[in-house]
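# Structural overview
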Amino acid sequence: MAAKSQTQKSLFLPEPERPEWEIAAELDRLVAQVAINRPLETTYDYLVPESLREMLNVGQRVEVPFGTGNHTEIAFCVGLTKLDNQQRRLKSILSVVDREPIVSPHLLELTKWIADQYLCGWGQVLETAIPAGVKRQAGTRELTFFTLAQDLEERLKQQKLPAKQAAVLEHLKQTGRPLRGEQITEAVGCGTAPINGLRERGLIVAVRERTETIDAALGDVAPQADLELNPDQKRALGTILLQIRSGKHRTMVLHGVTGSGKTEVYIQAIREVVSYGRQAIVLVPEISLTPQTIRRFKSRFDSVAVLHSHLTDAERHWHWQRIAAGGVQVVVGARSAIFAPTPNLGLIIIDEEHETTFKQDTAPRYNAREVARERARMVGVPLILGSATPTLETWQRVQPPPPGQQRTNDDVLLSLPRRATGIPMPPATVVDLRNDPLCAKGHSIGRAMRSLMQAALDDKGQVILFLNLRGFSPTVWCRSCGGGVKCPNCDITLTYHKDKQLVLCHTCNYEAAPPQTCPVCAMPGIRYFGTGTQRLEEEVKHKFPNHRCIRMDSDTMKRRGSHDAALEAFRRGEAEILLGTQMIAKGLDFPNVTLVGVVDADTILHQADLRASERTFQLIAQVAGRAGRSEKGGRVLVQTCSPTDFAIQRAVQHDYEGFVTQELQNRQDMLAPPFSRWVRVILRGPVEERVRTTAIAMADVLREVVDSRQLDLRVLGPAPCPVAKLQNHYRFHYLLAAPTLDPIRELWRELRAKLPTDRDVEFVIDVDPLNLR
């Protein structure tokens, strides 16, 4: 007992005073704030070991022990501070991954804004912003170089060298930089023995350096002079140049009909920026990165980097290095090009800003248009948003406020109401498929479409047919029970692909042989309904056997370079008919196209989607713009079962403002975007009832707080998603809606940790969702 009392007593003895030098040394220790690639809205502090202190800078990646199991994670260092006296028991960084920072201070600030705006992890955004090829240093390899020792002259006083060794030293002195062994032996005319001898004497040292193994060629394109602008283009360019010269940020919306010459305005605005020694970023939809678009920029500027999904990691890394070094004047690319490390950015342009592909559909779910707006604001440069059919959100920002209200933004509208060549927009006609005798018999090309196609081909013109459904038949249907044959993993009807003799799910890639009996009722009599691009191609070849047809969809354009080859063949007249999905609706300028046919305008119109009418209008307007681009003129024919729908009627009249006025009124009546901000929460899990229960419980907690505090915020739902099952997971969703995003973000951050959860139910959050399926 005495021993125990003595032990207990010793526990309360005051700690001996620590020497001041020991306390000072501890307080001088460095702490790194790191962001980990997980959906975590916080950073973590780690001690920086003394051995890594001189190596670590903000913007580099580090290896850290994470979690209770201390498993190794790669994280981004986003801050460095001195150790706070209150901080204790911090884990230490294990190693530094990068020799130099791969994230600039500006990009750190931008990615932090994205994480806050879209309620996702900072590490997730950084992982997305930096290409995999840059992180892996793809296209480079570590080689051994030889350089002169720092104390060379002192050592030489004590040694007499053989002739070959002296020649090696002399060559290294003259070169003034490290050289590889084979470079030295070739230049001096010796073997490796002199090099090894100099290393043993300590006169040269070996260093390991990473060097490029790729020399990506941009291709030779003949230079082209600027085109003469028409009065509309000159007015728009004049406003843009004034804003560039002001050195301040402002967003300008360039609304121009298809063929109005928006690209030429972009190019001449970029020329102004480049003349100041600055760079421009041009974002275009991936499907618009055609050879024609790329050629336009390469023919006007000395150094252009084109970033797209078909680049190898090595090519992307090579471009990234050139951009960061200031060796690129213009960066042209898809969504992720907004993160290009331009050192002296002067202008950002987004062409076809209405395209939904600018919104990423996996975490982090950012919209490149809004990221571009924030990046332009941060660096104080103009942003140009160009489109023939701007989104309702963009259009609303340039409209004058209602009487008695102050304007909340200063976006400027620039208009190009006519085509650059002065050629009028092509006349468009609507055909009611319900009254077409051929379509009533199952044909995809109606009587009027067939007649106009024959006339165009007889006149040596070319034809574009647009159908936004791939496969042969998009519906596999059972005649006995009347149900569609669905994917066993998803709540989606299977599509029949005749060329492969398979039924496929276009979501999870499930495939199977065509069923002989219905999987639900086990009865025979399976039928294939509807038309996809494969079936359309078969019909075109049957009706026009003397004319070559090219099909462009994701099934035929899988090989690298196939997209470019198909368009070039059509441009050269090697084919008279081009048919495909929306990849043929953007960025194409074929003067010999005299007929554009929309085979089925209803593919999107009747979907359970807030933006179904808007997307239908945009697609018809965009594809119609491919016709009549020369003196030969042209026509547009739209086949539909909904000929009186206002979106289709306005599209064939080329009346964007008429459409947007009516659609904005519809949205305002529903308190839908752009008159409110939405955040969508999607839950999924393998057991439907558990997903439903969790969704209801989460929504009830949020709704109770909203009601008790009388917040100007609505909780809508939950309900099954329109696609209720995806990849063997059942899906429910609910919406948080408010006039602005701030109250939604504040409420979510406050309650997220308190919301009821189920370990078998995942949930994701989508700010300003475009896809509600």
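Every value quoted in this text rests on a predicted model; they were computed, and no experiment measured them.

Our focus in this paragraph is the overall build of the protein chain. If you tally the helices and strands in the protein chain, you get 25 helices and 30 strands. Along the first, second and third principal axes, the C-alpha atoms of the protein chain reach 100 × 85 × 65 Å. Contacts spanning at least 24 positions in sequence make up 74% of the contacts within the protein chain whose residues lie at least 6 apart. When the accessible surface of the protein chain is split by element, carbon and sulfur atoms take 49% of a total near 36,500 Å². Counting 98 positive and 90 negative side-chain charges, the protein chain places the centres of these two groups 3 Å from one another.

Glancing now at the confidence of the model for the protein chain. Of all residues in the protein chain, 93% attain a pLDDT of 70 or more, and the chain-wide mean is 87. Every residue in residues 18-25 scores below 50 in pLDDT, and together they form two contacts with partners more than four places removed in sequence or on other chains.

With that settled, the discussion passes to the state of the cysteines. Summed over all chains, the structure comprises zero disulfides. Left without a disulfide partner, Cys-77 is nearest to the cysteine sulfur of Cys-120, which lies 20 Å away. For Cys-77, a relative accessible area of 0% puts it in the buried group. Cys-439 carries a free sulfur, and the closest cysteine sulfur to it, the one in Cys-641, is 8.1 Å from it. Looking at Cys-439, the relative accessible area reads 17%, which means it is buried.

So, about the packing of aromatic side chains. Under the defined criterion, the tally for this structure stands at 10 aromatic pairs. Residues Tyr-44 and Phe-66 carry aromatic rings whose centres are separated by 5.3 Å and whose planes lie at 85° to one another, so their mutual orientation is edge-to-face. In this pair, Tyr-44 is assigned in strand β2 (residues 44-48) and Phe-66 in strand β3 (residues 61-66), connecting sequence segments 22 residues apart. Aromatic pair Phe-617 and Tyr-656: ring centres 6.1 Å apart, planes at 55°, arrangement tilted. With a gap of 39 residues between them, Phe-617 in helix α21 (residues 612-624) and Tyr-656 in helix α23 (residues 656-670) connect regions that are remote in the sequence. With respect to burial, Phe-617 and Tyr-656 carry one shared label: buried. Site record: aromatic cluster; members linked through ring pairs are Trp-395, Phe-617, Phe-646, Tyr-656 and Phe-659. Just above the ring of Trp-122 sits the side chain of Lys-112; from NZ or CZ to the centre is 5.6 Å. For the cation-ring pair, Arg-271 lies above Phe-301, with the distance from its terminal atom to the ring centre recorded as 5.1 Å.

Conventions used here
- Residues numbered from 1 in each chain as written.
- Predicted model: local features only at pLDDT ≥ 70, side-chain atom pairs only at ≥ 80, totals over all residues.
- Heavy atoms only, no water.
- Helix = DSSP H or I, 4+ residues; strand = E, 2+ residues; numbered from the N terminus.
- Contact = heavy atoms within 4.5 Å.
- Areas by Shrake-Rupley, 256 points an atom, 1.4 Å probe, with all protein chains shown as cover.
- Lys, Arg positive; Asp, Glu negative; His and termini not counted.
- Charge placed at Lys NZ, Arg CZ, Asp CG, Glu CD.
- pLDDT = per-residue confidence, 0-100.
- Disulfide = S-S within 2.5 Å.
- Buried < 20%, exposed > 50% of the residue type's maximum accessible area, 1.4 Å probe, protein only.
- Phe/Tyr/Trp six-rings, centres within 6.5 Å; stacked < 30°, edge-to-face > 60°.
- Lys NZ or Arg CZ within 6 Å of the ring centre and 35° of its normal.

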